[in-house]
Amino acid sequence: MKQPFVNSLAYKSMKVIYEGGNSSIYEMVCEDKRFILKLYNKNIKTCNQRLHREVIALKFLEYNKFDNVPKYIDSCEGLQMLIMSKLKGESIKKVTNYHVDLIIENMIQLKRK
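Residues numbered from 1 in each chain as written. Predicted model: local features only at pLDDT ≥ 70, side-chain atom pairs only at ≥ 80, totals over all residues. Heavy atoms only, no water.

### Some details on helix 1 (residues 47-63)
Part 1: Between its terminal C-alpha atoms helix 1 stretches 24 Å, which fits the 24 Å expected from 17 residues at 1.5 Å a residue.
Part 2: Of the positions making up helix 1, those classed as buried are Cys47, Arg50, Leu51, Val55, Leu58 and Leu61. Seen end-on, helix 1 carries its buried residues on one side only, within an arc spanning 135°. Exposed and facing more than 90 degrees away from the buried side of helix 1 are Arg53 and Tyr63.
Part 3: Buried-residue contacts for helix 1 involve strand 2 (23-30), strand 3 (33-40), strand 4 (72-76), strand 5 (81-85) and helix 2 (97-112).
Part 4: Downstream of helix 1 by a residue or two, Lys65 has a phi angle that is positive, lying close to 65°. (Helix = DSSP H or I, 4+ residues; strand = E, 2+ residues; numbered from the N terminus. Expected span 1.5 Å × (residues − 1). Buried < 20%, exposed > 50% of the residue type's maximum accessible area, 1.4 Å probe, protein only. Arc of directions from axis to C-beta. Contact = heavy atoms within 4.5 Å.)

### Topic: the sheet that holds strand 1 (residues 13-19)
Part 1: Read from one edge to the other, the open sheet built from 5 strands follows the order 1-2-3-5-4, with strand pairing classed as antiparallel. Strand pairing shows two members of the sheet lacking a second neighbour, strand 1 and strand 4, which therefore form its edges. Adjacent strand axes in the sheet meet at a mean angle of 20° when their direction is disregarded.
Part 2: Sheet analysis places strand 1 next to strand 2, joined by 6 bridges and oriented antiparallel. (Pairing = 2+ DSSP bridges. Axes fitted to C-alpha atoms, helices over the stretch in contact; angles between N-to-C directions.)

### Focus: unusual backbone geometry
Part 1: The phi dihedral of Lys65 is positive, around 65°, even though this residue is not glycine.
Part 2: Mapped onto the elements of the fold, Lys65 is located in the loop between helix 1 and strand 4.
Part 3: Classification of Lys65 as exposed rests on a relative accessible area of 68%.
Part 4: Residues other than glycine seldom take positive phi values, yet Gln80 does so here, at roughly 50°.
Part 5: Here Gln80 lies in the loop between strand 4 and strand 5.

Laid out in structure tokens, this is it:
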């Protein structure tokens, strides 16, 4: 069995970004890099399916050269976890028409690929 990437990380800090019913998301700081760790709720029967679908989606978007999505780094179904790159930018505090236009633009771009 492959050793999860997270076991090889000597992280300096970890902070909660989001906690919900389906998953929890953390930002990990490791040396000079930042990663996102997503832990799926093990009490939900479909957590492995959701993890698998998200991995496939991230790999598809990377393969099709989408640069505005996190890059897949590693995952472990046994631990129900996913590690991704952290995107630069700020959290959206309030959704505006500008944000909706960006979402639509990305959806059109996705449809073309």
